[in-house]
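Each chain is listed here by its residues.
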Amino acid sequence: RMSRHAQQLRDHDTNPCIAETDASLKCMDDNNSNKVMCTDYFLKYKNCRKFWHDIMMQRRRNGVKPEMPSAEERRKMLESMG
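Residues numbered from 1 in each chain as written. Predicted model: local features only at pLDDT ≥ 70, side-chain atom pairs only at ≥ 80, totals over all residues. Heavy atoms only, no water.

### A short note on unusual backbone geometry
Move 1: Of note, the bond from Lys65 into Pro66 is cis; its omega dihedral lies within 30 degrees of zero at -10 degrees.
Move 2: Positive phi, close to 50 degrees, is recorded for Asn32, a residue that is not glycine.
Move 3: When you line up the elements, Asn32 lands in the loop between helix H2 (18–30) and helix H3 (39–61).
Move 4: Here Asn32 falls in the exposed class, since its relative accessible area comes to 72%.
Move 5: With a phi angle near 60 degrees, Ser33 is a residue other than glycine that sits in the positive phi range. (Helix = DSSP H or I, 4+ residues; strand = E, 2+ residues; numbered from the N terminus. Buried < 20%, exposed > 50% of the residue type's maximum accessible area, 1.4 Å probe, protein only.)

So, in structure tokens, the structure goes:
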């Protein structure tokens, strides 16, 4: 059974970067943990975290709840951006 923290990390409503996390881990597996081979994946993950962290901070400042948009709300936001 997964810990509560592990479950949260796998929850699409609270973690917007699951796909980037999984891609990074798969790259590491596929390349015998050679980080140099996975730099692009790490960068995508880092950019994803920064992007959604900035959105979360903006929502917190504006008193919007929940601070992290749901998976569905995020999908609509990204679609509207093109």
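Picking up where we left off.
### Topic: the packing of H3 against helix H4 (residues 71–81)
How two helices sit against one another is set out by the angle between their axes and by the gap between those axes.
Move 1: For the pair H3 and H4, interaxial distance at closest approach is 13 Å and the crossing angle is 105 degrees. Judged by the inter-axis angle, H3 sits roughly perpendicular to H4. Where H3 abuts H4, its residues Phe51, Trp52, Ile55 and Arg59 lie against Glu73, Arg74, Met77, Leu78 and Met81.
Move 2: Considering only residue class, the contact of H3 with H4 consists of six nonpolar, no polar and three charged. (Axes fitted to C-alpha atoms, helices over the stretch in contact; angles between N-to-C directions. Parallel < 35°, antiparallel > 145°, perpendicular 65-115°, else oblique. Contact = heavy atoms within 4.5 Å. Nonpolar A, V, L, I, M, F, W, Y, C, P; charged D, E, K, R; others polar.)

### Concerning the nonpolar core
Move 1: Judged by nonpolar contacts, Cys17, Cys48, Trp52, Ile55, Met56 and Met68 together constitute the single largest core of six residues.
Move 2: Apart from residues no more than four positions distant in its own chain, Ile55 is found in contact with Pro69 and Met77. (Core = buried A, V, L, I, M, F, W, Y, C linked by side-chain atoms within 4.5 Å.)

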